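Here is how the chains run, residue by residue.
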Amino acid sequence: MSEVNPFESLQEQIDDAAAFVAVPDDALERLKRPERVLETTLSVELDDGSIETFRAFRSQFNGDRGPYKGGIRYHPQVSREEVTALSGWMVYKCAAVDIPYGGGKGGIAFDPSDYSDSEVERITRAFATELRPLIGEDRDVPAPDVNTGQREMNWLKDTYETLENTTAPGVVTGKAIESGGSEGRVEATGRSVAIVAREAFDYLGGDIADATVAVQGYGNAGSVAAELIAQQGGTVVAVSDSSGAVYDSSGIDTSAAKSFKRETGSVTGFEGASEELSNRELLTLDVDLLVPAALENAIDAAIARDVRADVIVEAANGPLTPDADDVLADREVAVFPDILANAGGVTVSYFEWVQNRQRFSWSLERVNDELETVITSAFDALIERHEATDAPTLRTAMYAVAIERVHRAATEAGTWP
Ligand code: NAD
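Now for a quick tour of the structure. (Residues numbered from 1 in each chain as written. Predicted model: local features only at pLDDT ≥ 70, side-chain atom pairs only at ≥ 80, totals over all residues. Heavy atoms only, no water.)

## So, helix α8 (residues 254-264)
Inference 1: Residues T254, A257, F260 and K261 constitute the buried set of α8. Viewed end-on, α8 has its buried residues packed into an arc of 120°, placing them on one side of the element. Of the exposed residues in α8, those oriented more than 90 degrees away from the buried face are R262 and E263.
Inference 2: In this structure, the buried side of α8 is in contact with α7 (220-231) and β7 (235-241).
Inference 3: N-cap assignment for α8: the residue whose side-chain oxygen lies 3.1 Å from the backbone N of S255 is D253. (Buried < 20%, exposed > 50% of the residue type's maximum accessible area, 1.4 Å probe, protein only. Helix = DSSP H or I, 4+ residues; strand = E, 2+ residues; numbered from the N terminus. Arc of directions from axis to C-beta. Contact = heavy atoms within 4.5 Å. Polar contact = N/O pair within 3.5 Å; in protein donor to acceptor, adjacent residues only side chain to side chain.)

## Describing the sheet that holds strand β3 (residues 68-74)
Inference 1: The five strands lie next to each other as β1-β2-β4-β3-β5, forming an open sheet whose pairing is mixed. Two strands lie at the open edges of the sheet, namely β1 (36-45) and β5 (140-144), each paired on one side alone. If you compare each strand with its neighbour and ignore which way they point, the axes differ by 20° on average.
Inference 2: Where strand β2 (residues 51-62) lies against strand β4 (residues 103-108), six bridges are found, and the strand directions are antiparallel. Its bridge partner being in β4, S59 is matched across the sheet by K105. (Pairing = 2+ DSSP bridges. Axes fitted to C-alpha atoms, helices over the stretch in contact; angles between N-to-C directions.)

## Topic: the nonpolar core
Inference 1: In terms of nonpolar packing, the biggest core is built from 88 residues, with Y92, L289, F336 and I403 touching the most fellow members.
Inference 2: Setting aside anything within four residues of it in sequence, one finds Y92 in contact with I14, L31, I339, Y399, A402, I403 and V406. (Core = buried A, V, L, I, M, F, W, Y, C linked by side-chain atoms within 4.5 Å.)

## Some details on the packing of helix α4 (residues 117-131) against helix α5 (residues 150-164)
Inference 1: Relative to each other, α4 and α5 sit at 45°, their axes nearing to 9 Å. Put simply, α4 runs oblique to α5. For α4 against α5, the interelement crossing comes out right-handed. Residues D117, V120, E121, T124, R125, A128, T129 and L131 of α4 pack against R151, E152, W155, L156, D158, T159 and L163 of α5. (Parallel < 35°, antiparallel > 145°, perpendicular 65-115°, else oblique. Left-handed = near helix turned anticlockwise from the far one by under 90°.)

## Considerations on the environment of N356
Inference 1: In this structure, N356 sits in helix α13 (residues 344-358).
Inference 2: Note on N356: relative accessible area 6%, which makes it buried.
Inference 3: Separated by 291 residues in sequence, N356 and R65 place their C-alpha atoms 20 Å apart.
Inference 4: With near-sequence residues (within four places) excluded, N356 lies in contact with P169, G170, V172, K175 and G180.

## Brief notes about the packing of helix α1 (residues 6-18) against helix α3 (residues 80-96)
Inference 1: Between α1 and α3, whose axes approach to 7 Å, the crossing angle comes to 30°. As far as their axial angle goes, α3 and α1 are roughly parallel. Between α1 and α3, the contacting residues are P6, F7, S9, L10, Q13 and I14 on the first element and E81, E82, T84, A85, G88, W89 and Y92 on the second.

Put into structure tokens, the structure is as follows:
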């Protein structure tokens, strides 16, 4: 993976879009930097009685449109720059799909697979204790991200509620249903990727049902996107995870591959595929649609020059380096940006939070219907802006829509003190 600083990528994306929005330079500067970043060291007792320290972060990038919102990631690569960039992308993602949230992100720099469940629980509760003064239903609402899920959200919520002596189910989203989670949340990110893929082919004069597809990263976002694209008739010919890639020209049974990965921990060795490929080979396959759904900076300029897909729908956050973006724009590959394509996760998180505030549960059908409306409306706003301006890429057009919305909220609030 490339060494690009993701925070610099974010700032470059904002600068690119700034040329197409009526935001003064001084106001724009404010939209490029986080409001605050917590950096803390957690001291946690391991099962053997020793104490280990872990670096942890929470960035609150911008709260002009509502409470800070964004996931918590557990990964050895977690850094201040990464968390800050991810929190900025959340601001513009929430604005792109027009939900009333600002942007935040957090993480702990460790690999949870090296620790027992009870150690991960203690690490999570230690982080929740540090986060307690910053978070809250109307302040900052964490959610799952890479290597975190319902379990970690339930621990965060329980720690917060215990320390605050209250019930506040909306303090985190992505919870288990029994703890106040929403129907459809687990599948929501993959679902928005599939909606955007369908709309993209339709807009470009094709049909997702005729498309061949490669998916990089077969975790939560990638596997659900693959399953739903296959349900729409698309042929998923290759999938990968950190262990490698598998390929079959006649199409992979996406659900069977998911079960295989759940049982064995990886997609490699899946009997339903005819060939194994390297991760790089997957990215440069001759397919109609490439869905990067692993981590940021997965595709750099060198890989971008070899990409043979006509369309990219970004399930991961920031999977292309800015240089890769430029190469793909020159090569006229249509890149549908992360802040739209993977916004299903935060959108259904928002629905979960609304349900928590209402003390009421929506049916899965209602959740999916409302999600469809939010994502297709944002898609239409993107296309309208792209056609109305000479913004060189879809990403720039989407950022222009989002930056304008954040700027309007900031202007209406005024500058104080
Ligand atoms: P996950 O941990 O469930 O899955 C990530 C997958 O990527 C794993 O299967 C891992 O093996 C694979 N991977 C890692 N490095 C790889 C490499 N070099 N090549 C191929 N595969 C590789 O995480 P997730 O929740 O699916 O998140 C994936 C991406 O989607 C992240 O960028 C995340 O920020 C973004 N995202 C997730 C959500 C969500 O709701 N889960 C929402 C919005 C965005």
